[in-house]
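For reference, the chains in residue letters:
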Amino acid sequence: MPVITLTSDIGHKDYLVGAVKGKLWQVNEAFQLADISHNITPFNYNEAAYFIGNACKHFPPFSWHIILVNMFDQPNPRCLLAFHNGMYFACPDNGLLPMVFDKAPETVIELPLTAEQQPNMLEWISVIANCIQRIENGEPFLALGSETEKLVEKTRLRPNFGPDWIEGRIIFIDRFENVVVNISQEEFESVRQNRSFSIVFKTDEKITKLSDHYGQVAEGDKLAFFNTAGYLEIAVNKGNAAGLFGLQSIDTKVSQQFMKSRMFYQSVRIFFQDQKT
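Only a predicted model underlies this, so the values are computations on that prediction, with no experimental measurement involved. (Residues numbered from 1 in each chain as written. Predicted model: local features only at pLDDT ≥ 70, side-chain atom pairs only at ≥ 80, totals over all residues. Heavy atoms only, no water.)

## Observations concerning the pattern of salt bridges
Inference 1: This structure, assessed with the given rule, holds twelve salt bridges.
Inference 2: Between Arg-195 and Asp-164 there is a salt bridge whose closest N-O contact spans 2.6 Å. Of the two residues, Arg-195 is situated in the loop between helix H5 (185-192) and strand E11 (196-202) and Asp-164 in the loop between strand E8 (160-162) and strand E9 (165-173); the sequence distance between them amounts to 31 residues.
Inference 3: Across the pair Arg-192 and Glu-189 runs a salt bridge, and its minimum N-O distance is 3.8 Å. Of this pair, Arg-192 and Glu-189 both sit in helix H5, three residues apart, which is roughly one turn of that helix.
Inference 4: The exposure class of Arg-192 is partly exposed, given its relative accessible area of 21%. (Salt bridge = Lys/Arg side-chain N within 4 Å of Asp/Glu carboxyl O. Helix = DSSP H or I, 4+ residues; strand = E, 2+ residues; numbered from the N terminus. Buried < 20%, exposed > 50% of the residue type's maximum accessible area, 1.4 Å probe, protein only.)

Following this line, the structure appears as structure tokens:
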């Protein structure tokens with residue numbers, strides 16, 4: 001039986017995550033279900049793309065990845081199935097799939113939905129679950145719906161580059177308030193060219209060296225490293241980087257009153273300079 005992952009911005013405060021799993025098991029009790037996350041910041045496509053893109057590559061070939069983030073962004077949302085890099089993806093046509101892959105998926109079909117099914121998440125899951133079972137029964141992928149190339153398009157936030165600098169944006173803050181920036185190690189090294197650097201994320205805060213892990217600095221000290229996904233991360237050993245330095249992810253919504261009470265920084269700059277001889 002296939003592995004089926006679930007990613008959503010639903011959270012765990014109501015019954016929906018359980019109901020989604022129940023709908024899948026109604027079709028086949030042997031489906032192997034795994035959660036990537038249900039705590040995506042609501043409507044935050046950059047965070048969702050970061051989670052899904054970096055998790056799905058660790059799953060077995062021909063796994064299924066069901067994405068339920070901002071499902072009803074469009075007035076009449078389409079339910080898409082995609083096959084890309086040897087895996088299946090189910091997602092509303094809201095622009096997220098191209099962000100996950102950084103390009104259009106290899107093959108995409110639109111699933112037929114009735115007027116009653118279209119606005120109902122659990123009906124979508126029943127349709128998707130039946131498609132998974134049909135694939136398991138040997139039915140061709142393209143027989144499940146109509147092939148389509150025209151998708152809603154959204155693009156990931158990209159760093160800005162100059163010959164001696166990179167400016168990135170904060171895309172995720174984890175439960176320890178470590179801060180992930182949309183600068184990859186490959187992008188960093190391509191501009192660095194063996195030069196020294198300063199990572200600046202607040203007027204009076206900078207980091208001038210990379211660490212391998214938290215234990216390489218004293219408790220309470222700040223550090224920067226490239227995480228397991230290959231992205232720049234700013235942290236405080238046994239501390240709270242986001243809270244201490246007033247860092248905020250780009251799509252997180254906070255109240256106007258709270259915004260007025262403190263300064264938020266959403267960008268991180270890296271400056272490169274030649275080594276002094």
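## Some points on the environment of Gly-86
Inference 1: As for its placement among the helices and strands, Gly-86 is situated in the loop between strand E4 (79-84) and strand E5 (87-92).
Inference 2: For the pair Gly-86 and Leu-6, spaced 80 residues apart in sequence, the C-alpha separation works out to 18 Å.
Inference 3: In contact with Gly-86, not counting residues within four places along its chain, are Pro-61 and Phe-62. (Contact = heavy atoms within 4.5 Å.)

## Section: the packing of aromatic side chains
Inference 1: Tallying each qualifying case throughout the model produces 15 aromatic pairs.
Inference 2: The interplanar angle of 75° and the centroid separation of 5.3 Å between the aromatic rings of Tyr-214 and Phe-225 together place this pair among those described as edge-to-face. On the criterion of sequence distance, the pair formed by Tyr-214 in the loop between strand E12 (205-207) and strand E13 (222-226) and Phe-225 in strand E13 is long-range, its members being eleven residues apart.
Inference 3: Through successive ring pairs, a cluster of aromatic residues spans Phe-62, Trp-64, Phe-83, Tyr-88 and Phe-141.
Inference 4: The ring of Phe-176 has Arg-175 lying over it, and the distance from NZ or CZ to the ring centre is 5.5 Å. (Phe/Tyr/Trp six-rings, centres within 6.5 Å; stacked < 30°, edge-to-face > 60°. Lys NZ or Arg CZ within 6 Å of the ring centre and 35° of its normal.)

## Comments concerning the nonpolar core
Across soluble globular proteins, you tend to see nonpolar side chains buried next to one another.
Inference 1: Of all hydrophobic cores here, the largest spans 29 residues; its most connected members are Val-20, Leu-24, Ile-66, Leu-81, Leu-111, Ile-132 and Leu-144.
Inference 2: Elements represented by at least two residues in this core include exactly strand E1 (3-8), helix H1 (16-27), strand E3 (64-68), E4, E5 and helix H4 (121-136).
Inference 3: When residues in this core are grouped by element, the largest group, ten residues, is from H4.
Inference 4: By size, the runner-up hydrophobic cluster in this structure holds 27 residues, among which are Leu-80, Ala-82, Val-100 and Val-180. (Core = buried A, V, L, I, M, F, W, Y, C linked by side-chain atoms within 4.5 Å.)

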